[in-house]
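Chain by chain, the residues run as shown.
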Amino acid sequence: MQDFPSEVFLQRPDIVKILLSLLSLGSDKGEKNYLFFQALSCLRQLCVGLRRRLRFHQDPSFYSTKQDPVSQNSSFSYSHEVRGTQHSQASSPAAEQSPRPSVVGRPGQRARGDGQDGDATSNSGSSHRGAAAARAPQHTPQSPVAHLDLPDLCVEDSLERRLQQLTLAQFTVATIQHSIPLLKTESSHVFHRALELLSEALLLLGDSVSELVWDDGSLVGLELKEKLQASMELLGDILSYHHNSSAEVSQSSQIHHKMAYTGTTIFTIKLLQSVLPPEKACDNLPENTATAIFHVCFDSSLGSALPGIQETAVAYLEQVNSDHYDLYRMVTRAALWMESTCNFLKEAQAEGEKNWLDLLELADQAIDGLPFHQHLPVIKECVRIYAYLWSFDQPSPLLQTESQKLLLKLLSHPLQSVKTETYACVLKLVKDCLGIQNVARQEPAASSSVHFLLHHKVLYEISAFGLQDSAEKVHTAAKDILLFLLKGQLMMTASLWDRLNEALYPIMPILQGYANTEEALGNSVLLISDMSNATRDNMFSSTAKLKAALRLLFTKQPSVRVAAVKQILPHLNSAHGAQSLRPELDQLVISSLPNLFSLKNPVDIDLDTSCKSVLKVESVEKLFSVLASDTVDISLKRSAAEQLSVVLQDTTMHAVLKNLGISDKAISFITECVRGNKSLDGLLQPCMCILRKLVFADPSLRHSLAQHSPLLLILLRASLILKENKGSRSDATVLMFLVLFDEIASLEMCSDKSSPNIRLSPFSLPLTVTRRYNLPFHAATHHAVSPHRCVLPPSSDLWTLAPARHALQVAWNTAWHSGIDGLFEGCHVSGKDEFHSDLKLCEWQVVMLRAMHCPTALRDSVQAIVTAAGHSSVTSALCRLRLYLLMDKLALPHVPTHSCRDTMQCLNWQAAMSRFLQVRPACVEDEKLLIAIVEFLNDYFKQTNAMSVSEQENRDLRWILELLLKQDTASLLHLFLGAESQNPREQEELKTRVSQRLQRELTALFNTLLLRLQNTTDRPCLALGGPFRSQLAGCLLRSLRVSDAPRFYGLPSLERTLQGMVCLTAHSGWSAHCPDPAPVSLCSKYLSGLLEVISSFYVEWGGNSMSFMGKGVTKSAVVCLLHLSSEMMAENKDQDVISLWSLGNETNEEANNAQLGLAWLIPLWVDRDPEVRCASLGLGAALSSVPAGCQALCASCQNISGGLWGTLLNILLDQQESSMVRREAAFILQNLLLMPMPANAEEAKDSPWQHPCVHDEVSGVSLVGLPALQALLYHCQYFQHVASSASACYRGRYKFHLQPLAVNADGADPRDNTSQDSYDSLWFWKAAPLAPAANSSRPSSSLSTSSTEIRGSGIHSPKGPSTLTVPEESAANRLTAQGQSDTDTSASVSSQDSQHGDPAAVEPVVIVTPDLLTAHCGLLGNLLSILPDFTLNAIRNNQILQALASVVDIRPFEKCLNDLKTPSVLPRESADIRSQLVTLLQFLSAFSKLLQSCFAVSQESIGQKDFMKQLLSSLVAVLMLDTKGLDAGAQDTMRMCWADVFMLLAVLVRRDSSAAYPSVSAALGRRWRCFAGTLSLCMSERTSDASLHTVALQFVSSVLTEETKRRDSDYHSTSSLSEVLSAASAEQLCDLLLQSFEKRTVQDPLRKHTARALMTLLACSSTAQNYAAKAGLIDSCVEQLKQTYSQLNLESARPGRTSHRKKEDGYLKEVKLTAEILQSALYCSDECKAIATDARLTLALNALWPWLLLDDPALEAVLELLCVYTAKFTTACSSLCASGPGVVPGSKSSSGGSLMHSIMKLASGVAPDNSCIQKLAFYLLTNLAASRDCRGLLQKTHFLQGFLSVPVSKASARSSVGSGGVLALWLKLLLSVSVLEDGQQSILRVTGALDSLADLAPQRRHALLALHNLCFCPANKPHVMANEKAMAALISCLESKDLETCCTGASALWALLHNNQRAKTSLKCPLIRLRLEEAYSSSKKEKEQKDEPLRDYLMKCLENLSQLLKN
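Definitions and limits used
Residues numbered from 1 in each chain as written. Predicted model: local features only at pLDDT ≥ 70, side-chain atom pairs only at ≥ 80, totals over all residues. Heavy atoms only, no water. Phe/Tyr/Trp six-rings, centres within 6.5 Å; stacked < 30°, edge-to-face > 60°. Helix = DSSP H or I, 4+ residues; strand = E, 2+ residues; numbered from the N terminus. Buried < 20%, exposed > 50% of the residue type's maximum accessible area, 1.4 Å probe, protein only. Lys NZ or Arg CZ within 6 Å of the ring centre and 35° of its normal. Salt bridge = Lys/Arg side-chain N within 4 Å of Asp/Glu carboxyl O. Axes fitted to C-alpha atoms, helices over the stretch in contact; angles between N-to-C directions. Parallel < 35°, antiparallel > 145°, perpendicular 65-115°, else oblique. Left-handed = near helix turned anticlockwise from the far one by under 90°. Contact = heavy atoms within 4.5 Å. Nonpolar A, V, L, I, M, F, W, Y, C, P; charged D, E, K, R; others polar. Core = buried A, V, L, I, M, F, W, Y, C linked by side-chain atoms within 4.5 Å. Polar contact = N/O pair within 3.5 Å; in protein donor to acceptor, adjacent residues only side chain to side chain. Arc of directions from axis to C-beta.

**Student:** Can you explain the packing of aromatic side chains? Please cite residues and give values.
**Tutor:** By the definition in use, this model includes 37 aromatic pairs. Taking the centre distance of 5.2 Å and the plane angle of 75 degrees together, the rings of W909 and W959 count as edge-to-face. Taken together, the residues span a long stretch of sequence, with W909 in helix α46 (residues 909-917) and W959 in helix α48 (residues 951-965) at a distance of 50 residues. The same class applies to W909 and to W959, which are both buried. The ring of F741 carries the charged tip of R551 above its face, separated from the ring centre by 5.8 Å.

**Student:** How would you explain the pattern of salt bridges if you had to name every residue and give the values?
**Tutor:** For the structure shown, the criterion picks out 52 salt bridges. The salt bridge involving D860 is made with R850; its shortest N-O contact spans 3.0 Å. You can see D860 sitting in helix α43 (residues 854-866) and its partner R850 sitting in helix α42 (residues 843-852), a full ten residues away along the chain. Judged by its relative accessible area of 29%, D860 is partly exposed. With a closest N to O distance of 2.9 Å, D1459 and K1455 form a salt bridge. In this pair, D1459 and K1455 both sit in helix α67 (residues 1450-1461), four residues apart, roughly one turn of the helix. What makes D1459 buried here is its relative accessible area of 18%.

**Student:** How would you explain the packing of helix α68 (residues 1467-1497) against helix α69 (residues 1507-1518) if you had to name every residue and give the values?
**Tutor:** The geometry of α68 relative to α69 is characterised by a closest axis approach of 13 Å and an angle of 130 degrees between their N-to-C directions. Considered as vectors, α68 and α69 are oriented oblique to each other. Viewed along their axes, α68 and α69 form a crossing whose handedness is left-handed. Taking contact as the criterion, the partners of L1484, F1487, S1488 and L1491 in α68 are, on α69, L1511, L1515 and V1518. The class makeup of the residues in the contact of α68 with α69 is six nonpolar, one polar and no charged.

**Student:** So, the environment of A1286: which residues are in play, and what are the values?
**Tutor:** If you trace the backbone, A1286 turns up in helix α61 (residues 1278-1287). Residues A1286 and A1445, 159 residues apart in the sequence, show an inter-C-alpha distance of 8.7 Å. Residues within four places of A1286 in sequence aside, it is in contact with L1413, A1443, L1444, S1446 and V1447.

**Student:** Describe the nonpolar core, with residues and values.
**Tutor:** One finds F1028, W1160 and F1487 to be the most contacted residues of the largest nonpolar core, which totals 450 residues. Among the elements that take part in this core, α68 stands out by supplying 13 residues, more than any other. In this structure, L362, I379, I590 and L607 belong to the second largest nonpolar core, which totals 153 residues.

**Student:** Residues and numbers for the side chain of H1589, please.
**Tutor:** Positionally, H1589 belongs in helix α73 (residues 1586-1609). Side chain to side chain, H1589 and R1640 meet in a polar contact 3.5 Å long. Aside from chain neighbours lying at most four places away, what touches H1589 is C1578, M1579, S1636, R1640, L1646 and T1650.

**Student:** So what's going on with the packing of helix α81 (residues 1737-1748) against helix α82 (residues 1752-1766)? Residues and values would help.
**Tutor:** Between α81 and α82, the least distance of the axes is 11 Å, while the angle of their chain directions is 155 degrees. Compared by their axis directions, α81 and α82 come out roughly antiparallel. Both α81 and α82 take part in a crossing whose hand is left-handed. Judged by residue contacts, L1737, T1738, L1741, W1745 and L1748 of α81 engage D1752, A1754, L1755, V1758, L1759, L1761, L1762 and Y1765 from α82. When the residues that make up the contact of α81 with α82 are grouped by side-chain class, the tally is eleven nonpolar, one polar and one charged.

**Student:** Please give an account of helix α60 (residues 1266-1275) that cites residues and values.
**Tutor:** Restricting attention to buried positions, one finds in α60 the residues L1266, A1268, L1269, L1272 and L1273. The buried residues of α60 occupy one face: seen down the axis, they fall within an arc of 155 degrees. More than 90 degrees from the buried face of α60, the exposed residues found are Y1274 and H1275. Just downstream of α60 lies Q1277, where phi reads positive at about 55 degrees.

**Student:** Explain unusual backbone geometry to me, using residue names and the numbers behind them.
**Tutor:** Going from R582 to P583, the amide bond is cis rather than trans, its omega being -20 degrees. Note that P583 resides in the loop between α27 (558-573) and α28 (587-592). The omega torsion of the bond from H1251 to P1252 falls at -10 degrees, within 30 degrees of zero and hence cis. By the element assignment, P1252 lies in the loop between α59 (1241-1246) and β3 (1253-1255). If you check the backbone angles, Q1277 has positive phi at about 55 degrees while not being a glycine. Take Q1277: it is sitting in the loop between α60 and α61. For H1838, which is not glycine, the phi dihedral falls at a positive 55 degrees.

Pasting the structure below:
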């Protein structure tokens, strides 16, 4: 299976079918068991191979359209001609020789049945899908058709064979369907192996089957759909089987079923996620699978271990069964409530501060969960907390409100047990607070705990619902609670009693309903309204008691009404004027009172509330005026009153009449009637009616009347009058009821507002009131049940459903024990849990929980290994461990709560394994056990995260390496070669099988460990890795010659060994730690063995033209040779190793073999396998890296047309070849270009290298060397090819999408969507699929699998034609599109025919990837170095740079990095993303180097090109990329790319700043923070990359230098970068550079670069300067100078001074560097200069001066520092004038005086050749002249006398070189001195100085300015006026055409004339005035033409001159 491409097994499906059929054998003992497991392994390996092949074909770098026979990687792609020559092979295999010649000229013969091409003969069609049709080999010993004649084999129907093939989707679904039944097993080992296979098949399924399969109507789609549904149904049965396993079985069996259930669940969910979208699950998911998913949702252990899997299951459940989903949500809520209950109890019982709001929230959830957990102690805690929260003097209103809601919720709870417990707890609390026992304690605070009850809402709940509850315990407790409160005045404080009264008042109507004369509570309520009760006189006001007494007249109990009359009489008799009021209270009247308000039938009092009224307001007002008139007859008033009572039936008239005052008028009539006006008796009845209607409709009016106690008595007497007059009392009774029950009607309760559309009545009563009183009317009611009563969820359903019950049990117990760990510990503690018995877990449930809790399960498994008594126990525990690892891997990207591998790292499992690994197996059973352990180790180390290796992972790696390297133990390395069998013959085969399997597993483990070593950076691991690799290398070398049985052709062991060699040799230095043999000898032996393998399996078998058999060996051997070449080059740097690579040197055969050289390598370059071609060319590139290799390769290609150069150029320019292969060819050409080529025929005669050589047969001309190279490049159009390749570069990650894209809702092609990932798809390359035949009834293939068309769905067509088309016969098509259904035959055949007829249809697509462009860039760079002009012109003419620049795009980089950070990315996807990122980085690095080469060669400004602006932005953006999360290799590539980009940008900024700098600075300014992070990373010690560090600093220096230049040239200009340098970012950068600088030693080359960057930063950022000054940089630099002075003194005092000259030079270099840093630190910063002054900088430099005179560079640096230091800073200038205490007496420096003396000597005594030092000295003196002290010193020393000694000639007067340069320096100094008066006097004291200045003024501007300054001092004016030369010079300036010169002269003359009468007299000559007028008129004209500020000043000067001369 290593040899054949995996797709071959789909084209010849018989093997696959046999393997699938073997799965039905089961895992019985004996041969069947062996075949069964071998079939599982083969199928798994086939799935892995298919996925690898699919990824290979997805890789754009290996995309190839080669159709020649020797280049394809499949046996079914040969042309008809080749097939025709092979027709006789099947008939005579023994005597047949291959018609194809081998490399060495001899044919190979070998047995048949090995997959030779002849066995795959097919004439099934063209290169379209027909080429994919191939059948299985027919000629085998067991073949039932072996007797068939040859023609029958050759003419087999192509269509039939095509239909026999399997598509990738069909194979995957079939594998899954046949493997799923294996999950229903009692064997953990079988389950694990089956799940391994299914996990691999699942990955393949996701790549081959789309969700469109469920809507696919094709035969293929329907078949896949049926099989997938059948598989899902099987999974449902298996889940049910494992879930419903009996609890009576053994514990190990229970654990097995639980793990099998979990593993099957994970696979099921992942299967559904792969192919079945949740929205389609309802129609396609089988019912039993949906039921199984329902059970999965309730599996608490699965949910805690893998929450992501359960969440996915819930998503499917929601779509499949909404009822089950609602049930799941209910269970989830109940589980949450249970958890909250336990948390509440713990928090409530805990001591310390509490968060009461959170506690109340937990209490609320605990109350909601009461129906489920029924844990009644929660209620007691709640009541206790409520009482506590209300007991404070100033409690929190929020806490009071929230706690009261919960209390009401408990008091009204629907569960009777909860309500009973609540009332019992409240009653107990009340008894404890108000009981008689508190009298003795005399604690007033004891009663404060009842505060929480003293609220009208709570008392309303108790009285309205508690007292009438059907449960005796509840209503009895409610009565006792109220009774204790009513009788507890003596137990309460006064404030508490007042609060009770306040709370009782609103609910008195309800409480009075329970008034009676028999019971204690009734009597207590009755006494509330009794005026004679002295103890309660202060309970309510008189009005309240009156209302209470009147209210009792409506009760249903006569005895209570009689008692009420007794309470009312005192109010009647005590009223004001009671004796004069009607009626008289005689016995008859009093006896009528109890029944006064008892009506036989209730009346209807409803009003008309319609919006429209038929009444007119005017008419109503007239009626009221009649009623209110004093003059109208009483009968009319009565009539009006009666009419108004009817009018008020309409509520729209209420407002009108109330505004008129009808309510007051009616009350006045009633009052007058009661007071004795009998004439108004007729108005009594209608007025009562009027008031009744108004009060009923207006609650505010009702409320105001209810508070008026005299009115109540008036209404009572009026009612008696009506009864006495035998009138109707209904209105009076209703009115009285409305007023008396106002409190309970207006009480703000939580009314039933659930139905907002229902209109509420204006007067509504609680239902309990209507039951306790005689109502005179039908009143609206509310609160039939408590408004606080919650609705219970249907909990009974959950307890009857087993999964829900188990979930709730687990949730409760987990919360009760504070987590799963506490649960497991609690199970071992004896004692009875204090909760409901329904919540208790049984033993098997705990076992299941332990099995699914990863830490516990793994700990148990490891412990089982430690305590195992036999092999079976250890094997079982290992199987469980492997299964946990597999389930974690299968669940990806769902991350488990406890990662198995992370948990294992916390366990001491290594000790458990070590005892088995240190003992040599003694029998087969021991070997089997060792195999299990090695398998576990392999699985364990495979799951290491390659991106970030933890310390624990490194410890694990160290452990296994130390174990393997132990010499005193039976190391696994010793078992690698196997052992001789000592068993009898019948056991030998079994022993061989086990031994071979052990070797396979050991090879896999060692390969895994090698990979881990590649990813680790741990030093101990790397130290152990070297010896491990070397020992392993020796073992592999010894096993290279181990052979297998003849029927295996010796391949399995060899393949296994070579695969190990591939992994081993991939590590550099793998041979370095091998003591015997030596590394060189070991490499030579490896080379010998590998060349022998190549000779045996490639050369002797006919190379690439014979068979697939041995191709895996060939590929591995070639890759090993590639790795070996690097190792040998490194180990044999000084030796010629190329001779060892000659195949002929390995034998002593005939001479022609000895001359083969590297000829064996060339045929590999055109092998059918592109990976072999790539590796072999890579080997050629490695060998050609040395001259001997180049010569050997050229010698090996002498007999090939075109030679080596032609072969390589053909490969490179072959557009059908893959990019990776072409890249390797380019690398060889790069190496060949490094050979010294002759430039002409003359040089060619003497040159040992005569390549390339071109010969024209027509003309006979031959070219050698560079001319031949130019001819070759021109002939093959290489540069045009590079340009077109770059223009068509494909930057995507994959060549095609595995999943076809769905059609949008509007039918548009998804590729037209602009949001599509433009650089991660291949839409650009995909043309419209060929149209199906006219008679085709449907598209040519199914949409549901990627076997349709690899470019997506076949029914789409692009909107425009494309010139590039993907050929139908691509390798990916061969893999994924094998075979079609019976209905698409015509379409496919017609497509083939159409391709034959249309040449354009088969034009191959050219996919050029960045890999190839990387090689082209390197090749172009080498060409630039040897043919600069030729190559540069070609690059320019073909616009290659523009084309390559278009490939650079930051978006793919950012996308890769973002994808890598995605948590859900799978490892295989991560590897693809990393590969794409590395490829892009390598291209950018190569392109940057190419651009640098172009800059070095080209004289033109490439930075001005149009493409550079965008390129620069992209380059800077690359520097901002975040490397977090990248592995070490990718980070190294990123750093290499950064180094090249840094270097390129630095060159661009320095060379072409005007074009490059704006873009670079803008990009940096926008994202400086990211760049600072990159810079910090580049300078980090962890990277230890000196080159990157250097170029990063160089780039920073270049940018900051340019920024400083621009800031100095335009001070006001600001940019984004300048803003950054003015902010805190500059401080951070400065700190980074300072830290780096301080760490560097003097010898470190990075110190200078760091200092340079620091200098440029300080020069351009004042913020950085200030930060550096605060950080002590200036002080440390000055101190460094002082220390250097001390060191120099010590060195000078030692004998043999010449030997210390080097040290002195080093010290002076350090002085130079320090001076340069100080220069930048002091630049334009007075604060920093002041710090330098305080640090005595001048004294330190003065002390060093003698040594500075010996070293010009150091002296120049110090002079530049002093120039900066003294610029515009007089304090610094003054410090140079005197020698201070810092100079050591007697030293060399003390003799020279001050530093200024030394500088003056330097300025006057330097030879002409040191003009730079002289210039600096004069510049410094020019600065010093600004100081008075310095000017005084110049005068004292007569330094200015030297000006006269400067020779002045006509030439020098106009020149700036030689003496003229010195003259210019003097003039600048004199100009500086002449600024102030004392300096002017010094100049005038120099005899002849004024004449010299006057002579030089016309030519020298500085002389004229000095003369100009002299004119401004009054003391100097006579001297100037007396000097004719000076006056002539000034006057001549007026005639100058230079505006500035003219201004200077006019200004000087104006200064002379100012306040100088003598000057006026001298200048009043006509000639001067004439010149003035001419200058004035000329300037005036020019000013009119061009207005300038300087010209304005000139005009002003001339006007003033004229004015002065006129006066």
